[in-house]
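# Secondary and tertiary structure notes
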Amino acid sequence: MNDQYPSRYVSAPQHLPRYEPVAWRPWQPDAPLSETLYRQWCENGFLQLDKMFSSEEVELFRAELASLASDEAVLACEEAITEPDSGALRSLFAPHRHSAMFSALMTDKRLLNIAEYLLASRVYVHQARVNFKPGFHGTGFFWHSDFETWHAEDGLPRMRTLSMSISLTDNHPCNGPLMLIPGSHRTFISCVGRTPRQHYRMSLKKQTIGLPDANSIERLATQGIHCATGGAGSVTLFDCNTLHGSADNLSPFPRSNLFFVYNSIENQPVNPFASDRPRPWYIGAREAIEPLCASCPAYHQLARRPAQRAG
Ligand code: 6CS
Ligand code: FE
């Protein structure tokens, strides 16, 4: 397949135009977003929707997260990624595989209706993860485009993918909130440096390959940097190609976010464009891909019961 977004096998950074629309259909009055928010999405490449989930729902999500994070069987899975230095839990990929509640949350109509609208198709989850970013020990994520990785290492062909980050804790300026560069979604930055074998074993702890050069980041950041602070229960949507990152969390307060990556059912992965083989199932879905159906889950009935410890 022709690679419209060459990266990692280039000898110098390149700025390429985005070929795909940011929103795949025009705004209409029956849209699940106001016209103002729709225009902000197209213009900036991200949106913040405050208080999408109630404090009661957030409490249920946080209890579920605490149950996962204290379950030895879950922590022993390869989906559980620890911080490079402290060993603290950094991310848990595919949390929906361990939690009926998070599996139901992926299909919540408040999320799915927006994803289907903006991508103008049925959708499925390419990747789900919790980034824990614990107090004092949670380290950051350098500036990057998710699409660059999902194209290079997972084989997603087109920019028809968006992330929804649900804040499970308050995101303050001091605890390493997500930062995004408005307008950066319209430019694809080719990164220099070939993908190492089994790169994910290192990159999910600390990414060093597939990162844009400082000059490119500076050129795209001329309109400033947006800090996605907000209360627990708010949702930040960002386009797959919007440059984003976050700093270390030096505060005592955790910054835990649950991410769902919604990909159009029309944009299923092919062979990776810059890696010798695809990444594992828990990082990039490849098998048995089915479109999700919107739902209104009763979260209070879905709390997990960790596997009973052997008596
Ligand atoms: O490699 C990935 O897919 C992950 N890495 C980052 C820094 N963001 C997107 C995703 O979670
Ligand atoms: Fe990212």
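Read on for a plain summary of the structure. No experiment lies behind these values; they were computed from the predicted model shown.

Right, let's talk about the side chain of glutamate 64 for a bit. With respect to the helices, strands and loops of the structure, glutamate 64 is situated in helix α2 (residues 55-69). One buried charged residue, glutamate 64, remains without a salt bridge, the closest side chain of opposite sign being arginine 304 at 4.5 Å.

If you check the backbone angles, lysine 51 has positive phi at about 50° while not being a glycine. In this structure, lysine 51 sits in the loop between β2 (46-49) and α2. Using a relative accessible area of 72% as the deciding quantity, one classes lysine 51 as exposed. Backbone geometry at alanine 120 places phi at a positive 55°, although glycine is not the residue there.

Before going further, it helps to spend a moment on the site of ligand 1. If you check the shell around ligand 1, you find Gln127, Arg129, Phe141, His144, Asp146, Thr149, Trp150, Leu204, Gln207 and Arg279 and nothing else. Between ligand 1 and the protein, one listed contact pairs an oxygen atom with a side-chain N or O atom of glutamine 127 at 2.8 Å. Within the side chain of tryptophan 150, an N or O atom sits 2.9 Å from an oxygen atom of ligand 1. Taking 300 Å² as the accessible area of ligand 1 by itself, protein coverage stands at 94%.

All right, on to the pattern of salt bridges then. The final tally for this structure, using the stated rule, is 14 salt bridges. One salt bridge in this structure joins arginine 39 and glutamate 35, with 2.6 Å as the shortest N-O distance. Taken together, the positions of arginine 39 and glutamate 35, both in helix α1 (residues 35-44) and four residues apart, correspond to about one turn of that helix. For arginine 39, a relative accessible area of 51% translates into the label exposed. Close ionic contact of aspartate 108 with arginine 110 constitutes a salt bridge, the shortest N to O distance being 2.8 Å. Judged by relative accessible area, which is 27%, arginine 110 ranks as partly exposed. Connected through shared salt-bridge partners, Arg8, Glu148 and Glu153 make up one network.

About the cut-offs
- Residues numbered from 1 in each chain as written.
- Chains lettered and ligands numbered in written order.
- Predicted model: local features only at pLDDT ≥ 70, side-chain atom pairs only at ≥ 80, totals over all residues.
- Heavy atoms only, no water.
- Helix = DSSP H or I, 4+ residues; strand = E, 2+ residues; numbered from the N terminus.
- Buried < 20%, exposed > 50% of the residue type's maximum accessible area, 1.4 Å probe, protein only.
- Lys, Arg positive; Asp, Glu negative; His and termini not counted.
- Salt bridge = Lys/Arg side-chain N within 4 Å of Asp/Glu carboxyl O.
- Near = heavy atom within 4 Å.
- Polar contact = N/O pair within 3.5 Å; in protein donor to acceptor, adjacent residues only side chain to side chain.
- Areas by Shrake-Rupley, 256 points an atom, 1.4 Å probe, with all protein chains shown as cover.

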